[in-house]
Amino acid sequence: MKKVTCTAPVNIAVIKYWGKRNEELILPINSSLSVTLHQDQLKTTTSVAASREFTEDRIWLNGKEENINHPRLQSCLREIRRLARKRRNDGGDENVSRILNYKVHLCSVNNFPTAAGLASSAAGYACLVYTLAKLYGVEGELSEIARQGSGSACRSMYGGFVQWVMGEKDDGKDSLAKQVEPESHWPELRVLILVATAEKKHVGSTAGMQTSVETSPLLKLRADLVVPERMEAMIESIRKKDFDAFGQLTMKDSNQFHATCLDTYPPIFYLNNVSQRVISMVHQYNTYYGQTKVAYSFDAGPNAVIFMLEPTVNEFVEVVKLCFPPETNGDQYLKGLPVGPSTLSEGL
Ligand code: DP6
């Protein structure tokens, strides 16, 4: 039996991906950009075992067996095995030949709420693809395969600041993730996560964005006119470490993503009243200082991701505690996370 264990980090998009032009290959209607978090805190850990004793491929997520025949899982397994076969045929490792004839058992756990809008599928599929690649000794560009598990997963294949370039080709060969700046580039950047609820989201990203593509005129406008220009400005703000610009662009992009959700018919509501109070709190704090000191971003759920620079963390956490006193905050909790070094790592 051969066994491999790897971990992969979560990423948070500051230019959001929402909408596909090809459902099967997972090709987006716009490019996106994210920050990969430090994987000491939020991560997926996946183990894979290959054995001649196994009679079928199987997978367990957070301790519960799931259907291995899910088309996206099958795409990832098929593509990695195809690369492994190619490597073997090109005269690669003899052991790979043997393992390729075995079935695999996969086991994956998140150390954070699954499907509560905390990018669990991103870390999950990135980890699955990376772990399988290690098992079969496959190297090289893997974001194209991770993308076929979940679009946002391709960005978790790199640390630091990562762009998913939408690409133009119909076969998706140019729809890849690439690192804009490494994790070492902006070491003062910090992320705080405010968990408004750990409940599973009502409308999943895949179904939600499909309805948005079908019904929201705003989404098309966003993809064609807003994102290309905003992407350039975002990359420049990161290169210059200009937090004011970075923060404003991040908040505007999150707001526009949620506006497209409202423009979807029937509308999709991911933010709740706690999220709205967090948004007001952030703007009040910035108004007090007369500059953008903190910036929020929300994915497909009510939990807030707040970006700031290190010197702001302690004071802002106090402000959060004042606005959301412990006795009323129920299941809300905070995590202070450095931005991620986060290359995927093997062998726990
Ligand atoms: C709001 O990557 O989960 O988090 O490709 O259908 O699996 P699928 O969708 P997914 O969508 C993520 C949407 C988002 C924004 C983002 O991460 O860019």
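Above this text you will find the structure in question.
Calculation notes
- Residues numbered from 1 in each chain as written.
- Predicted model: local features only at pLDDT ≥ 70, side-chain atom pairs only at ≥ 80, totals over all residues.
- Near = placed C-beta within 6 Å.
- Helix = DSSP H or I, 4+ residues; strand = E, 2+ residues; numbered from the N terminus.
- Nonpolar A, V, L, I, M, F, W, Y, C, P; charged D, E, K, R; others polar.
- Pairing = 2+ DSSP bridges.
- Axes fitted to C-alpha atoms, helices over the stretch in contact; angles between N-to-C directions.
- Contact = placed C-beta atoms within 7 Å.
- Core = buried A, V, L, I, M, F, W, Y, C linked by C-beta atoms within 7 Å.
- Buried ≥ 20, exposed ≤ 12 C-beta atoms within 10 Å, placed from the backbone.

For the rest of this paragraph, the subject is the site of the ligand. The local shell around the ligand holds 16 residues, among which Ala13, Tyr17, Ser150, Gly151 and Ser152 are the closest. Listed by contribution, the elements that provide at least two residues to the shell around the ligand are helix H3 (120-136) and helix H5 (205-215). Class assignment of the residues belonging to the shell around the ligand gives a composition of seven nonpolar, seven polar and two charged.

Strand order in this open sheet of four strands is E2-E5-E10-E11, and the pairing throughout is antiparallel. The open sheet has two edge strands with one neighbour each: strand E2 (11-15) and strand E11 (177-181). On average, adjacent strands in this sheet sit at an angle of 35° to one another, irrespective of strand direction. As judged from the four bridges shared by E2 and strand E5 (residues 32-36), these two strands associate in the antiparallel manner. Paired with Ala13 across the two strands is Ser34, which belongs to E5. Docked against the sheet, helix H6 (residues 217-239) engages E2, E5, strand E10 (161-164) and E11, running at close to 120° with respect to E2.

Here is a general trend for soluble globular proteins: nonpolar side chains tend to be buried in one another's company. Counting 88 residues, the largest nonpolar core has Ile80, Ala126, Val129 and Ile306 as its most contacted members. Broken down by element, the residue count for this core peaks at twelve residues, all from H3.

Among the structural elements, Val104 can be located in strand E9 (residues 103-110). Once the C-alpha coordinates of Val104 and Met166 are considered, the two residues, 62 residues apart in sequence, prove to be 32 Å apart. What Val104 contacts, discounting residues up to four positions off in sequence, is Val48, Ala49, Ala50 and Asp57.

Another point: the environment of Leu106. The topology assignment puts Leu106 in strand E9. A residue is classified by how many C-beta atoms lie within 10 Å of it, and Leu106, with 22 of them, is buried. Put simply, Leu106 and Tyr136 are 30 residues apart on the chain and 14 Å apart in space, counted from C-alpha to C-alpha.

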